[in-house]
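Commentary on secondary and tertiary structure
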Amino acid sequence: MQQEDKFIQATNLIADANHLLVFTGAGVSHESGIPVFRGKNGLWQKYRPEELATPDAFRKAPRVVWDWYRYRRALIRKANPNPAHIVIAELERIKSTFLLVTQNVDGLHRVAGNKKLVELHGNIFYTKCTACDNCIYEYEGENWSDLPYCECGALMRPAVVWFGEPLPEAALTQAFEFARTADVVLVVGTSGVVYPAAYVPLIVKQHGGKVIEVNIEPSAITPHADIFLQGKAGDVLTHIMKLLTRSK
Ligand code: APR
């Protein structure tokens, strides 16, 4: 099938969807200048995730882990939503029943305007206590060199999900429940290799929904995709939005 025919088919599915789910990974923020994790130039090619993004790493070397998250926070503060984020925020406005489920912790979907949003892996700008339920936005401690401590005296950590940790129960339940009712899932910029997040598009498929994937290259999701649109998220989603507005 020609690429343009696939775009038209995907646009019709999105236009006719009663329950649209959008599922994103690091690829949707790549054009905002934020590195992805896997593939060439991916963060996990340069750094070892087990030394930076696990509870064990934090126990052994909290300062190394905090330096890593402060580095990524500084990188993300300089980033802006790109056209892909903008289109996904527009999709929330035009579709009455919509949910965005993201694996990203960069918060750029919120900046772009999405509100019906589930951040499965947390948000990098929140800092939580390792002992009590204290959780503070944009908190990095009194000064850069120190480690941040809670009033209760315990060490604080980035409020993101590390490898080997459970995802926030409420977020996962909301994502899976919506996936069971979604008739279309638009998957954008994920390698689809990290579970349980990667179940989300598969649940849509299992319940008879259609899977549209946007990626610069095939991923673990592609074999399950009804339509695979190869290209950069910003370009592909902008093209879909153009077709959507023309068809209205
Ligand atoms: N447009 C579309 N897709 C892109 C673009 C782009 N401009 N740039 C990269 N991609 C694709 C890559 O081809 C890849 O398939 O985005 C995907 C990024 O995959 P990963 O780096 O594995 O990121 P992600 O799938 O979000 O990882 C899931 O793993 O490390 C953990 O917690 C972390 O949430 C993350 C999870």
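Residues numbered from 1 in each chain as written. Predicted model: local features only at pLDDT ≥ 70, side-chain atom pairs only at ≥ 80, totals over all residues. Heavy atoms only, no water.

This next bit is on the domain arrangement of the protein. Domain parsing of the protein yields domain 1 (1-33 + 81-121 + 167-248) and domain 2 (35-78 + 122-160). The straight-line distance from the C-alpha centre of domain 1 to that of domain 2 is 27 Å. Every contact between the two is made by 15 residues of domain 1 and, on the other side, eleven residues of domain 2. Across the domain 1 to domain 2 interface the summed buried area is about 990 Å²; carbon plus sulfur atoms make up 58%. Where domain 1 touches domain 2, the interface holds zero salt bridges. At the junction of domain 1 with domain 2, the criterion picks out three residue pairs in polar contact (both at pLDDT 80 or more). When grouped by side-chain class, the residues that make up the side of domain 1 that touches domain 2 number five nonpolar, seven polar and three charged. (Domains from an automatic or database assignment. Contact = heavy atoms within 4.5 Å. Buried area = accessible area lost by both parts, 1.4 Å probe. Salt bridge = Lys/Arg side-chain N within 4 Å of Asp/Glu carboxyl O. Polar contact = N/O pair within 3.5 Å; in protein donor to acceptor, adjacent residues only side chain to side chain. Nonpolar A, V, L, I, M, F, W, Y, C, P; charged D, E, K, R; others polar.)

Let us now look at the site of the ligand. Around the ligand sit 22 residues, and of these Phe37, Arg38, Thr190, Ser191 and Asn215 come closest. With respect to the ligand, the side chain of tryptophan 44 contributes an N or O atom lying 2.9 Å from an oxygen atom. Within the contact set of the ligand, an oxygen atom lies 2.6 Å away from a side-chain nitrogen or oxygen of serine 191. Burial of the ligand by the surrounding chains reaches 94%, relative to a free accessible area of 730 Å². (Near = heavy atom within 4 Å. Areas by Shrake-Rupley, 256 points an atom, 1.4 Å probe, with all protein chains shown as cover.)

Turning our eyes to something else, we now look at the nonpolar core. By size, the foremost hydrophobic cluster in this structure holds 28 residues, and its most contacted members are Leu91, Leu186, Leu229 and Leu237. If you list the elements that add at least two residues to this core, you get α1 (3-16), β1 (20-24), α6 (83-94), β2 (98-102), β7 (184-188), β8 (210-215), β9 (227-230) and α10 (233-247). Residues within four places of leucine 237 in sequence aside, it is in contact with Ala84, Val87, Ile88, Leu186, Val188 and Val214. Within the second largest apolar cluster, 23 residues are counted, among which are Val200, Ile203, Val211 and Ile221. (Core = buried A, V, L, I, M, F, W, Y, C linked by side-chain atoms within 4.5 Å. Buried < 20%, exposed > 50% of the residue type's maximum accessible area, 1.4 Å probe, protein only. Helix = DSSP H or I, 4+ residues; strand = E, 2+ residues; numbered from the N terminus.)

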